[in-house]
Each structure stands twice: as structure tokens, then as C-alpha cells.
Amino acid sequence: MTEYLLAETNQVLPSDHAITNTTIFAVFVLITLVVVYRVGSMASSSDYFVAGSTFTGLQNGIALSGDFLSAASFLGIAGAIAVHGYDGFLYSVGFLVAWLVNLLLIAERMRNTGRFTLGDVLSFRMQQRPVRAAAAVSTLAITLVYMIAQMAGAGGLVALLLDIHSGLGQALVIAAVGVVMMIYVLIGGMKGTTWVQIIKAVLLFVSAAVITVFLLGKYGYNFSDLLVDAAENNPNGHSILGPGVEYGKDNTTKLDFISLSLALVLGVGGLPHVLMRFYTVPNAREARRSVAWATWTMALFYICTLVIGYGAGALVGSDAILQAPGGENSAAPLLAYEIGGSVLLGIIAAVAFATILAVVAGLTLTASTSFAHDIFANVLRRGEADSESVVKVARTTALVIGAVSILGGILVNGQNIAFLVGLAFAFAASANLSTLLFSLFWKRFNTTGTLWGIYSGLASCLLLTIFSPVVSGSPDSIFPSVDFAFFPLKNPGIVSIPVSFIFAVIGTFIGKDPSNEQRRAEMEVRALTGIGTRRG
Amino acid sequence: MSNATQSALRGSPRNQPGKARTAFGGIDKSAVRRTATARPEYSGIEQLPEFRELRRKTKLFIFPATAFFLAWYLSYVITAAYAPDFMSEPLVGEINVGMVMGLGQFVTTVALTWLYARFAHRKLDPIVNELRDKVDGER
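Note that the structure is a prediction, hence the values are computed from the model and not measured.

Conventions and cut-offs
- Residues numbered from 1 in each chain as written.
- Chains lettered and ligands numbered in written order.
- Predicted model: local features only at pLDDT ≥ 70, side-chain atom pairs only at ≥ 80, totals over all residues.
- Helix = DSSP H or I, 4+ residues; strand = E, 2+ residues; numbered from the N terminus.
- Buried ≥ 20, exposed ≤ 12 C-beta atoms within 10 Å, placed from the backbone.
- Contact = placed C-beta atoms within 7 Å.
- Rg over C-alpha atoms; globule rule 2.2 N^0.38 Å.
- Axes fitted to C-alpha atoms, helices over the stretch in contact; angles between N-to-C directions.
- Parallel < 35°, antiparallel > 145°, perpendicular 65-115°, else oblique.
- Left-handed = near helix turned anticlockwise from the far one by under 90°.
- Nonpolar A, V, L, I, M, F, W, Y, C, P; charged D, E, K, R; others polar.
- Core = buried A, V, L, I, M, F, W, Y, C linked by C-beta atoms within 7 Å.
- Expected span 1.5 Å × (residues − 1).
- pLDDT = per-residue confidence, 0-100.

Overview of the overall build of chain B
Point 1. The helix and strand tally for chain B stands at five helices and two strands.
Point 2. Counting helices and strands in the order they occur from the N terminus, chain B gives α-α-α-α-β-β-α.
Point 3. Counting every position in chain B, which comprises 139 residues, the buried fraction comes to 29%.
Point 4. For chain B, the share of sequence-separated contacts (at least 6 apart) that also reach a separation of at least 24 residues comes to 48%.

Here's the deal with the overall build of chain A
Point 1. Secondary structure summary: chain A contains 21 helices and zero strands in total.
Point 2. Its C-alpha atoms give chain A a radius of gyration of 23 Å, within 12% of the compact-globule value 24 Å for 536 residues.
Point 3. Counting only C-alpha atoms, chain A reaches 75 × 55 × 45 Å along its principal axes.
Point 4. The buried share of chain A, taken over its 536 residues, is 67%.

Describing the packing of helix 18 (residues 417-441) of chain A against helix 20 (residues 493-510) of chain A
All names here are of chain A.
Point 1. Running from amino to carboxyl end, helix 18 crosses helix 20 at an angle of 25 degrees, the nearest separation of the two axes being 9 Å. Relative to helix 20, the element helix 18 lies roughly parallel. As for how helix 18 packs across helix 20, the hand of that crossing is right-handed. Contacts between helix 18 and helix 20 pair Ala-426, Ala-429, Ser-430, Ala-431, Ser-434, Thr-435 and Phe-438 from the former with Gly-493, Ser-496, Ile-497, Ser-500, Phe-501 and Ala-504 from the latter.
Point 2. Residue composition of the contact of helix 18 with helix 20, by class: seven nonpolar, six polar and no charged.

Concerning the nonpolar core
All names here are of chain A.
Point 1. If you look at the biggest cluster of nonpolar residues, it comprises 220 residues, and the most contacted ones within it are Ala-312 and Ala-424.
Point 2. Of all the elements, helix 16 (residues 331-380) adds the most residues to this core, at 31 residues.
Point 3. Other than its neighbours up to four places away in sequence, Ala-424 contacts Ile-142, Val-145, Tyr-146 and Ala-149.

Here we look at helix 20 of chain A
Residues and elements named next belong to chain A.
Point 1. Over its 18 residues, helix 20 runs 25 Å from end to end, which matches the ideal 26 Å to within 8%, given 1.5 Å per residue.
Point 2. Those residues of helix 20 that sit buried are Gly-493, Ile-494, Ser-496, Ile-497, Val-499, Ser-500, Phe-503, Ala-504, Gly-507 and Thr-508.
Point 3. Buried residues in helix 20 make contact with helix 12 (251-267), helix 18 and helix 19 (447-466).

Some details on the packing of helix 5 (residues 86-97) of chain A against helix 12 of chain A
All names here are of chain A.
Point 1. Contact geometry of helix 5 with helix 12 gives a least axis separation of 7 Å together with a crossing angle of 30 degrees. When the axes of helix 5 and helix 12 are compared, the crossing they make is right-handed. Contacts between helix 5 and helix 12 involve Leu-90, Tyr-91, Gly-94, Phe-95 and Val-97 from the first element and Ser-261, Leu-264 and Val-265 from the second.

Side note on unusual backbone geometry
Point 1. In the Ramachandran plot, Tyr-221 of chain A falls in the positive-phi region, its phi being about 55 degrees despite a non-glycine side chain.
Point 2. You can call Tyr-221 of chain A exposed: it has 11 C-beta atoms within 10 Å.

Brief notes about the confidence of the model for chain A
Residues and elements named next belong to chain A.
Point 1. Here chain A averages 83 in pLDDT, while 91% of its residues score no lower than 70.
Point 2. Within chain A, no element has a lower average pLDDT than helix 1 (residues 2-9), which sits at 37, and none a higher one than helix 20, at 94.
Point 3. Within the model, pLDDT remains below 50 along residues 1-10, and this stretch shows nine contacts once partners closer than five positions in the same chain are excluded.

Examining the confidence of the model for chain B
All names here are of chain B.
Point 1. Averaged over chain B, the pLDDT score is 76; the fraction of residues at 70 or greater is 71%.
Point 2. For chain B, helix 1 (residues 6-9) is the element with the lowest average pLDDT, namely 35, and helix 3 (residues 49-82) is the one with the highest, namely 93.
Point 3. Scored below 50 in pLDDT, residues 1-37 shows 77 contacts in the model against residues more than four places distant or in partner chains.
Point 4. The complex model carries a pTM of 0.84, and its ipTM stands at 0.86.

Looking at helix 8 (residues 128-162) of chain A
Residue and element names in this part refer to chain A.
Point 1. Taking 1.5 Å per residue, 35 residues should reach 51 Å; helix 8 reaches 50 Å between its end C-alpha atoms and fits that length.
Point 2. The buried count for helix 8 comes to 29 of 35 residues, which makes it a mostly enclosed element.
Point 3. Phi turns positive, to about 60 degrees, at Asp-163, one or two residues after helix 8.

Below you can see the structure in the form of C-alpha cells.
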């Protein structure tokens, strides 16, 4: 019957199934929400931000991979592999290798020198107010770009379930979904969020594993046969099995690909919501263990996405995927429908939705913590803010960020989420990584260098994105009718990452501010040993 | 230096034990849970031979390891972008060089993670324990 519909309307999901799909989906979302709400309400208010630093390495590791395996990893990569083939797999490789930056250079040192935010670490031995302000600005910017991608993903997913094709309808869906998510975030806290991440990560792994085993079983555990089918059902044919379908057209796209790869591998080390997770464990050793756990689980997961992506291409076909609401991002849910009907579709969609919900919650928390802690309490009130006003500021920040990301999500609706997240990674790698590494490893680094590094990375990334084909000048741009693009690459990383490193160095040598030798020694000793923090 | 950080890093004087704080997760609480009243003498610790050894061993592992995985990753990415025909060369059935190289990245990442965890557990953690005992004993 499905094949008949495919042939007739080139549409995989029969529209009369929308009610069944949505009901199953809604039931699953409700169940997860109730669980989360109960966990959240059992937690004391002091657990709100960093969950009292009580999670073990294993729990936090699964939560870390949960934070990281956002809609981009599941929906975005599967879709990119299904439609563009091997080029989508390169996202998986970059996302995974990037964790070595965290493991080797950042996680333990971050845990030992900070408490709540990235600003804690960056301002440790610098002038407090300007550095905290800069760290908060970059945290807000990165979080916003990341959240826009998640909102677009959530909207596309629900639009697929409800079978909504019109642009206005999808915009309304994104807005409604965004509002639901914000309500949840305002109720939950870091402890609740971490538990959602754990539950959802386990659900996601199980679903991905089941689909993978099913797909392989269908092809007699011969991956090669699955690839043959995937190539047959793709207009690009056999070439999807190697690199180059999306990025191999000319030298510009090749350079764009290198740029994206750089952003992917260097971005994780600067993502505020990932860095903040290192504060939810009691000590540096648990932080190290959590990164190790996250790496094992993600390696397995990304191997599954390779099978799922090509499997979606083989069973659903790339044309049908592109026709569906949500475009490329709908590959995994459509595959679920193809192999398990409405029930599996509902489950997969609910898991994906819980994924986005949990990631959005983590992002919102990170951004509001950063604003309330760094800008409001430390910069505006010079550390004299009372707790109620800090709460109020944090909640207001959450609302504002939610509203802006809903609008942004509507604007970028239809773009591949993995690609949008790649942009967020470019922002993170440009604005945070250089300054974080220099302040941890370079003695001479000072306040001026920190400010130059953050603002140059942020500004170059923002400007190059605005004047790139993502925003204008090509048919799939946000504003396709106008053309003010002069920067040819879609991902600015290859320019903006070196810019921030170079400016951080120049700023350091130009800066006249005396380095604080005592604080520098304290930071070095604490970073390596944790002396001065609680013993674990 | 501005003292604006004090509330974030040192704990505010109002933050007495036993006094219930509902400050949005205790955002104004201390980052430093100190067991003794004296502040550790960080410049002194930095000069200790144990600390120097810890720093040397750490850097001797993490910097070469970082250089290795970045070089390996970039060579993979550049090969994918500029030598797609080589990457599309089939090895077993439809499974080609590119897929094997991609999975090779997975293998090296997992292996390096395991190596570092083992190295840190065996070589770094004992020195850290020794140092912490020494510093705690002096206070």
C-alpha cells in the first residue's frame, strides 16, 4: 500500500494516518514529560544550575552524549547521508573526533578552575568585568545559533507528523512547539534536564540500534547490498558511496567542506552547553570519565547513523525524503514508518522530539546562567545582586532567547539541521576555543588578548555568515530574492577560527595590562591538580 | 584587580552554612569548597618538583596526541575533498576506501581516548594524590 502511495503522490506518509501518528507521538512525549517533571520536582532548588555537582562520570557521560546527539546528529546526519551519501558521513566523523579536544585539553582543567560558566574560567586571571561580559556575549550568540537549528528541527518533525506542507502552517507549528519547550524549561532545572538527557539518550541508542539491526538483517547482514539499493534509489546513483556529491562540485565547495570540517572538529571545545556539563560532576576525574563514556557511546551511535542514513536512502528513496515536510531532516522518521508503520514512526518522532526538548532545555539554561551570573550579577551589580533578582533575570533571559530562536527557526525552516549546527560550531570554535586554550596554556596571555580573541572571532563569524550564500543570493538562502553575498563559503570557520587565534596573540602583545602572577600560578596549579576545589 | 569575582569564586560572606539559599541553584555560592581555613600557597606549589613532573608528563602526552589526531583528521578531510576518486575505490563489495578511512577515524578516536584514560589513571592521578596530601598536610 505504501508503495502504491509512493508511486501515486510521491509521498510516503498517507495523510489519513496523521491522527494515528500524532496520537502515538503525543502519548510518548507525555510519558517522558511526566517522568522528567517528577524527577525535576524532587530536586531541591539548589540543584537548579549544576545539579549540585552530584552526577557520576557514567551518568554525566550519557547525558553529555545526550546533549550532543541533538536533532542534528539523528535527523540531520541521517538525512544528509540518505540524500547526499558519503558527504553526510563526514559530519559524524568530525562530531566524534572533536571529543578528543575536550578529553585531552579542556574537560579536566575546566572542571578544576570554574564553577558555573565559561566566564568563570576565562576571567580567572584576567580583569573580571570586561572578560565576563565578553564570555557571556559569546555564550549567548553561540547558544542562539544552536537553538535556532533545534527549533527548525522540532518544527519540521511535527509538520511531518501532521502532514503540513504550507510555509505558514509550518511556521505556526515551529512557534507552538517552541512555546511548549520554553514552558518546560522554565519548570525544569539542571537535574531534571540531566535526567531527560539520560533517559532520552538510552531511548535514542536503543531505537537506533534496533533500526540498524533490522536494516542489516533485511539485507542478510550484508552492508554492501544495502549500499547497492541506496545507490539505485538516489538520482546521483553510485557516486553517493564516495565523497563529493554535495561538496565536490568546484573549488569553492571543496574549500567550504574543509571549512566545515575545521569548525566541526574545533567547535565542540567551545560549545558552552557542553562545557557546562563538566560542572555537574564532583571532580576532574569524573569529568574525564564522562568524556570517555560519551566517546564510546557516540562512536557506536554514529556507526548506526551510517546504516540508518543509507538505509533510508535505500528503502524510502531520496526523492520521497526531499518531498516530505521537513525535507532532508525527515529521513529517519520516514524510514521508521517504512519498517514499523505508525507505531515506530510515533516512537522515533517522540524520541527525536525529546532529544530536541532536552537539548533546548540545556541550551536555555546555559544561556540564562551565563547572562544572570556573568553579566547581571558580576558585571552590572559587581557581585552584589540578591538571589531573587538573579532568578528573575535568568528567567527573563530564557524567555527572550526562546522568542528569538523561534523567529530564527521559522526563518531557516527547511535547511538541514546538521548544516545549521555546523554554523553554531564555527561560532564556538571562533569565539571561545582560542581564548580558552590560551588562558589554560599560555602564561603571557592577558585581558586584552582575551577580549580581542572573543570579539574578533565572533564578529568575523557573524559578518561572514551574513554575507554568505546562507543568507542571500542562492535559491536555498534565507532571503533568496536579494543578493548581498560576497563571501562564497557557507561555513566561515576556515577564516574566522584563525582570525580569533591571531587577534588573541596580537591583543596580548599590544595589551598593557599587567599579568596577575599570583592568580596565574593559582590557575595553573588548580587546573592540573584541583587543589583548592573539593576533593573527590 | 576588581573584586567582582569574589562572590563567584570565593563565596560571599552572607553565604553562611545552614542558611537556606534559593539563589537559582546557589549561583552566588563558592566555587571553592575548602577543607582548611588557610589558602593554599599556589606559587609555592608551582615550584614543587612533584608539580613540575606532573606538568611535564601531562604536556608530553596531550600535545603530541593532539597534534597526531588533528593531522590524521585533516589528512582524511583533505583526501575526501580533493581525491574523491581514491576514496570511492571499492575494497570489499561496495565498501570503499572512504568508508574504511572514516571508520579508521572512529578507531583512532576510541583508542586514543582509552590510552589517555589509562595514562592519566596510572601516571597522573598518583602524582596529584601525592601533591594534595602534601599540601593538605602542611595546612
